[in-house]
Protein chains: 4
Amino acid sequence: MADNSIPTDGRNQAGDSELQRKVFAVVFQSRTPAGKYFDILLIIAIVASVVALMLASIESIWARYAQPLYLAEWAFTILFTIEYVVRLWCVREPRVYAGSFYGVVDLLAVLPTYLALFVTGSAYLMVIRILRILRLFRVLKLARYVSAADALVEAMVQSWRKILVFLYVILTIVVIFGSAMYLIEGPENGFTSIPRGVYWGIVTLTTVGFGDITPQTPLGQAVAAVVMVLGYGIIAVPTGIYAAELRDVMTRRRQAQICPECGRTGHDEDAKFCKFCGARFAPAEKGSG
Amino acid sequence: MADNSIPTDGRNQAGDSELQRKVFAVVFQSRTPAGKYFDILLIIAIVASVVALMLASIESIWARYAQPLYLAEWAFTILFTIEYVVRLWCVREPRVYAGSFYGVVDLLAVLPTYLALFVTGSAYLMVIRILRILRLFRVLKLARYVSAADALVEAMVQSWRKILVFLYVILTIVVIFGSAMYLIEGPENGFTSIPRGVYWGIVTLTTVGFGDITPQTPLGQAVAAVVMVLGYGIIAVPTGIYAAELRDVMTRRRQAQICPECGRTGHDEDAKFCKFCGARFAPAEKGSG
Amino acid sequence: MADNSIPTDGRNQAGDSELQRKVFAVVFQSRTPAGKYFDILLIIAIVASVVALMLASIESIWARYAQPLYLAEWAFTILFTIEYVVRLWCVREPRVYAGSFYGVVDLLAVLPTYLALFVTGSAYLMVIRILRILRLFRVLKLARYVSAADALVEAMVQSWRKILVFLYVILTIVVIFGSAMYLIEGPENGFTSIPRGVYWGIVTLTTVGFGDITPQTPLGQAVAAVVMVLGYGIIAVPTGIYAAELRDVMTRRRQAQICPECGRTGHDEDAKFCKFCGARFAPAEKGSG
Amino acid sequence: MADNSIPTDGRNQAGDSELQRKVFAVVFQSRTPAGKYFDILLIIAIVASVVALMLASIESIWARYAQPLYLAEWAFTILFTIEYVVRLWCVREPRVYAGSFYGVVDLLAVLPTYLALFVTGSAYLMVIRILRILRLFRVLKLARYVSAADALVEAMVQSWRKILVFLYVILTIVVIFGSAMYLIEGPENGFTSIPRGVYWGIVTLTTVGFGDITPQTPLGQAVAAVVMVLGYGIIAVPTGIYAAELRDVMTRRRQAQICPECGRTGHDEDAKFCKFCGARFAPAEKGSG
């Protein structure tokens, strides 16, 4: 469906030579068996390299296995570098690929390791390398999960304006209540400043409730109760928005009745006439499910 | 749609002179380019002044930057004072504006700073000044977010009676369980009084779970488990109410088109023909934000 | 709608004498002005007595205001006793009233205060007196909130079987994961027994997260992550169940199209024929909203 | 509906002899009174044995009641062993039963107790015995809860692909934010490694919020606020997915009736006539649990 015949998100078509086209089919597409094996290997390599990075950040593991983890990191880096070069080589317009989202992610997956040879402060570079996990999205995009993800994203796109309004209301609530709590509880109870009060407000309204800052005075606890009930109650709003939009998207997709006259879709399941040109539908073409 | 031609929430029309009308279009409306620039500048000023207030409440920042923050606060106050005076001057009935919700918010945005010259106890005044954030609502109201917010509010208005019933049930649960926990756990485990037990009940039922008060006895933990599962289960109720009402509102907005021939509704917003009898709709009758 | 002409939940009709009928209209019904004033006074008295009970449980307040609170409690008790006796007197069958839910609640609202004269261990009696809050339900039942609450309850009744299945699944998850955590973390990390592990499982799965018991080992944290994501994901299930049922109930109530032939309701909005007797509906009688 | 006439999930039909068939009807089915009594006894035995196991894990209870609990465990084991042997004997193909899900669960319910005679490390065996709770599912499956559970499971099966996409997005968010927090907060504030950061991310995104690791720096708290609002907002996604699918399943079940005249669906379960053309439905074709 969303296969690479169309150059979605900056990915472009294969180069002109026969070899370029063959390699392109393997590294960018997943229709051929070779393309599928490549995808699976890539998924394994990405997951393994992310796990290795995570393990390397644990001090006790690093103390014992520094060398194998260091070697593994270099092995993955060289592997991903070769892959990056091959990708650059086999596409028709390397610049378009290099400038695309996945082109940048692919580069960020290898660059930090080379930089670490010259620069200190490797902790920052380590975290950038973690972004490799984003590369999985491309591989998964080729799979059958596309249409499922598409519906989710479409519903999100349709509801983003409503959700933005909701977020602004949340922000206002949190700023006002956070300031009030700063006044009521004061620095002696952990509310040392308004931003800290706002942080507490977010922790409380989202029902996370770390408990690192908690109200101690009766009035503060009463205000906190209001914030909690508010957060518990309005969690319904984004859910309601999203559920309503998602159902809409799903319904519309299922109602892909095509008019025999004008070829347009978007008709309801119970429609007898095309709502665009007035043509009568054949009554037998129906079928729900 | 919700533009200021209609004096919504107490705002009224421009004064009689040409200058008043021109200024009114800038400060109250956003149809003209000047009006749009004014809105953007106002948003920046409001956000900047709220951020400055927040920073001023952090002790370490205040210790170092007391003077610039003090000056910034006065600059914003003078700016907002001028804006308030201009607003008062350009409307036809200044009293109606001054008494409206936004008129009061506008006044509260500047008054505390002047009061702080005469009165001590500036912490209270600081928090009142934070209410400036509410002024953003007016600016945002002029934008395209109105209709999105409208649907959300309409669904909320329609479901408020159900939500009130729900809140009363919540309150009853929390009072009864909070009292029971006071009895079971007692002051030695942090449940020093019934109101504190009720506070714990709200913290638990809303799934916030600060952990500042936690049951220690087996029986208390069993009762707590009931409260938690209850809270986890009935979070469905406001969500269900709101989702159902919101979908209703959205459906009704889409179904506002009535067929002139067969009188039936249920057509999409983009329908040109009745889907039941094939009659053509008048194309001009549309219009939705 | 749910007025007292029908003796719902054990409440019965007024006695035979004129006075009994008049008093009945005041204390049991809210159609007359006197009945409405009585309801409002009763709400105030109930709320005030519950607040007084709560305040009395706070040690510092009791130390200072023991006497007025003690007197208030007796005043409320005598008031509610008179009310109880009047209710018993004015109904036709006092036994039915005394045995009904509200009859028992009314008695429990006054009995503990008298018992406290003879028995010690007043903490238990205090909590029983808190049940007075349940009396509010009767008063609110007479108000316009009935139909709103009715829809909520009807949806809950329709979904209770599904929710029971869900609760059993939750219980199974919690028992298995709680036992596993007892094994993995052990008593040294707070998981001193399987019931305590199950308690932790409930705290975690319901996303309450007190933090009184937290996993310390990497494996325990990994298992905890599974429980958390599970709890975060399946919160959708009761919400989905309830939302779907509630929408059903609301739709059915709105679709109260009545067949002119057989007089039955429950037809869809787009129905042209009665689904029970096959009679054709008049096409103009429609109207959504 | 889901009765044992069809060998669902590996269960097979009764053996040939009359006795086998009679015993089969009791232990595997619940249509006969004897079968129902057996089910109820089994539920009691399973629940009692799980409760006994839980109690045995509490040190203070074990210290006092080791002997009765030990005896009870053996009593339950012998009971379940007899039941297991009877089940093996009365089915036509014992191997199919032994290899089925419930066959394995039945074996795991008794094996650990015998193993504990020879092997040490009984804690592991104890937790395996807890899996007995899964046996309740079989008994409940025979009850009227089947169709309710069926709809829930069907909706879950239909939405699992969407939920998988959602889980992968969650994982990516959590890995990236967890790594960022490791960088920002560092080991001195509890974020000792990336996996620990990811664990914190899951605790926060799912709104559990234990509070065992909390951000201390202002930047860390700002990032935490983003994670919390994200988690609070996207809890809508699985709920929306599930609610939409569940409503679909429920609608489809209601719409399974097809009009013999006009071929259209969308009739309620209680419809006797087609609501579109008025044709009478055959009354016998119904049937739903």
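These numbers come from a predicted model, not from an experiment. (Residues numbered from 1 in each chain as written. Chains lettered and ligands numbered in written order. Predicted model: local features only at pLDDT ≥ 70, side-chain atom pairs only at ≥ 80, totals over all residues. Heavy atoms only, no water.)

Student: Tell me about the overall build of chain A, residues and numbers included.
Tutor: A count of helices and strands for chain A gives 12 helices and 0 strands. Counting helices and strands in the order they occur from the N terminus, chain A gives α-α-α-α-α-α-α-α-α-α-α-α. Taking as baseline every contact in chain A between residues at least 6 positions apart, the subset at least 24 positions apart corresponds to 60%. Just so you have it, chain A exposes about 13,300 Å², and 67% of that area is on carbon and sulfur atoms. (Helix = DSSP H or I, 4+ residues; strand = E, 2+ residues; numbered from the N terminus. Contact = heavy atoms within 4.5 Å. Areas by Shrake-Rupley, 256 points an atom, 1.4 Å probe, with all protein chains shown as cover.)

Student: Describe the side chain of E73(C), with residues and values.
Tutor: Residues and elements named next belong to chain C. Here E73 is to be found in helix α3 (residues 59–90). Residue E73 is classed as buried on the basis of its relative accessible area of 8%. Beyond its immediate sequence surroundings of up to four residues, E73 is in contact with L53, T113, R129 and R132. (Buried < 20%, exposed > 50% of the residue type's maximum accessible area, 1.4 Å probe, protein only.)

Student: If you had to explain helix α1 (residues 18–27) of chain B to someone new, which residues and values would you point to?
Tutor: Among all positions in α1(B), only Q20(B), F24(B), A25(B) and V27(B) are buried. Turning to α1(B), the residues buried within the fold contact α2 (33–56) and α3 (59–90) of chain B.

Student: Describe the relation of the copies chain C and chain B, listing the residues and the values that go with them.
Tutor: The transformation that overlays chain C on chain B combines an axial shift of 0.1 Å with a rotation of 90°, and the residual RMSD is 0.7 Å. Here the copies are linked by what is in effect a four-fold axis. The share of interface residues of chain C whose copies in chain B are also at the interface is only 13%, consistent with the copies meeting through different surfaces. (Least-squares fit on C-alpha atoms with pLDDT ≥ 70 in both.)

Student: Which residues make up the pattern of salt bridges, and what values go with them?
Tutor: Summed over all chains, the structure comprises 28 salt bridges over all chains. In this structure, the salt-bridge partner of R135(B) is E83(B), at a minimum N-O distance of 2.5 Å. Remark: E83(B) occurs in helix α3 and R135(B) occurs in helix α7 (residues 135–141); sequence separation between them is 52 residues. For R135(B), a relative accessible area of 1% gives the class buried. The exposure class of E83(B) is buried, given its relative accessible area of 7%. The salt bridge involving R135(C) is made with D106(C); its shortest N-O contact spans 2.7 Å. Placement of R135(C) in helix α7 (residues 135–141) and of D106(C) in helix α5 (residues 101–115) is noted, with a sequence separation of 29 residues between them. You'll find R135(C) and D106(C) in the same group, each marked buried. (Salt bridge = Lys/Arg side-chain N within 4 Å of Asp/Glu carboxyl O.)

Student: Requested: an account of the packing of helix α2 (residues 33–56) of chain C against α3(C), with residues and values cited.
Tutor: Residue and element names in this part refer to chain C. Contact pair α2 / α3: the axes reach a minimum separation of 9 Å and the direction vectors enclose 145°. For the pair α2 and α3, the sense of crossing is left-handed. The residues of α3 that touch α2, namely those facing F38, L42, A45, I46, A48, S49, A52, L53, L55 and A56, are I61, W62, L69, E73, F76, L79, F80, E83 and R87. (Axes fitted to C-alpha atoms, helices over the stretch in contact; angles between N-to-C directions. Left-handed = near helix turned anticlockwise from the far one by under 90°.)

Student: Mind laying out the environment of Q221(B), listing which residues take part and the relevant values?
Tutor: Assignment of secondary structure puts Q221(B) in helix α10 (residues 218–234). Sequence separation between Q221(B) and M181(B) is 40 residues; the distance between their C-alpha atoms is 9.4 Å.

Student: With reference to specific residues and values, describe the environment of A45(D).
Tutor: Residues and elements named next belong to chain D. Within the secondary structure, A45 is located in helix α2 (residues 33–56). For the pair A45 and L79, spaced 34 residues apart in sequence, the C-alpha to C-alpha distance is 8.8 Å. The residues touching A45, leaving out its near neighbours within four places in the chain, are F76, L79 and F80.

Student: Outline the interface of chain C and chain B, listing residues and values.
Tutor: Contacts between the two partners involve 52 residues from chain C and, on the opposite side, 49 residues from chain B. Summed over both sides, the interface of chain C with chain B buries roughly 4,300 Å², with 74% coming from carbon and sulfur. Here chain C and chain B share 0 salt bridges between them. Across the contact surface, chain C and chain B share 4 residue pairs in polar contact (both at pLDDT 80 or more). Those elements that provide at least two residues to the side of chain C that touches chain B are α2, α6 (122–130), α7, α8 (146–185), α9 (194–205), α10 (218–234) and α11 (236–254) of chain C. (Buried area = accessible area lost by both parts, 1.4 Å probe. Polar contact = N/O pair within 3.5 Å; in protein donor to acceptor, adjacent residues only side chain to side chain.)

Student: Go over the side chain of E83(A), please, and point to the residues and values.
Tutor: A polar contact of 2.6 Å, which involves the side chain of E83(A), links it to the side chain of R135(A). The residues touching E83(A), leaving out its near neighbours within four places in the chain, are F38(A), L42(A), R135(A) and R138(A).

Student: Which residues make up a nonpolar patch on the surface, and what are the values?
Tutor: Residue and element names in this part refer to chain A. Among the surface-exposed residues, W62, Y70, L71, L107, L111, L115, L117, F118 and V119 lie close enough to one another that they form a single nonpolar patch of about 880 Å² accessible area. Taken together, the elements giving at least two residues each to the nonpolar patch come down to α3 (59–90) and α6 (111–118). Counting residues per element, the nonpolar patch draws most heavily on α6, at 4 residues. Inspection of the secondary structure puts V119 in the loop between α6 and α7 (122–130). With a relative accessible area of 43%, V119 lands in the partly exposed category. (Patch = residues over 30% accessible without salt bridge, like charges linked within 9 Å, V, L, I, M, F, W, Y side chains within 5 Å.)

Student: Account for the packing of helix α10 (residues 194–205) of chain A against helix α10 (residues 218–234) of chain D, naming residues and giving values.
Tutor: The geometry of α10(A) relative to α10(D) is characterised by a closest axis approach of 9 Å and an angle of 25° between their N-to-C directions. When the interaxial angle is binned, α10(A) and α10(D) end up roughly parallel. By crossing handedness, the relation of α10(A) to α10(D) is classed as left-handed. Together, R196(A), Y199(A), I202(A), V203(A) and L205(A) of α10(A) and Q221(D), A224(D), A225(D), M228(D), V229(D) and Y232(D) of α10(D) make up the contact between the two elements. Here the contact of α10(A) with α10(D) is composed, by residue class, of 9 nonpolar, 1 polar and 1 charged. (Parallel < 35°, antiparallel > 145°, perpendicular 65-115°, else oblique. Nonpolar A, V, L, I, M, F, W, Y, C, P; charged D, E, K, R; others polar.)

Student: Residues and numbers for the packing of aromatic side chains, please.
Tutor: A complete count under the given rule lists 32 aromatic pairs over all chains for this structure. Relative to Y97(D), the ring of Y84(D) has its centre 6.0 Å away and its plane inclined at 45°; by these criteria the two rings are tilted. Taken together, the positions of Y84(D) in helix α3 (residues 59–90) and Y97(D) in helix α4 (residues 94–99) put the pair 13 residues apart, joining distant regions of the chain. The same class applies to Y84(D) as to Y97(D), namely buried. Three or more aromatic residues link up through ring pairs in this structure, and these residues are F24(A), F28(A), Y84(A) and Y97(A). Its end group placed over the ring of F80(A), R135(A) keeps NZ or CZ at 4.8 Å from the ring centre. Sitting above the plane of the F28(B) ring, R87(B) keeps its charged end 4.8 Å from the centroid. (Phe/Tyr/Trp six-rings, centres within 6.5 Å; stacked < 30°, edge-to-face > 60°. Lys NZ or Arg CZ within 6 Å of the ring centre and 35° of its normal.)

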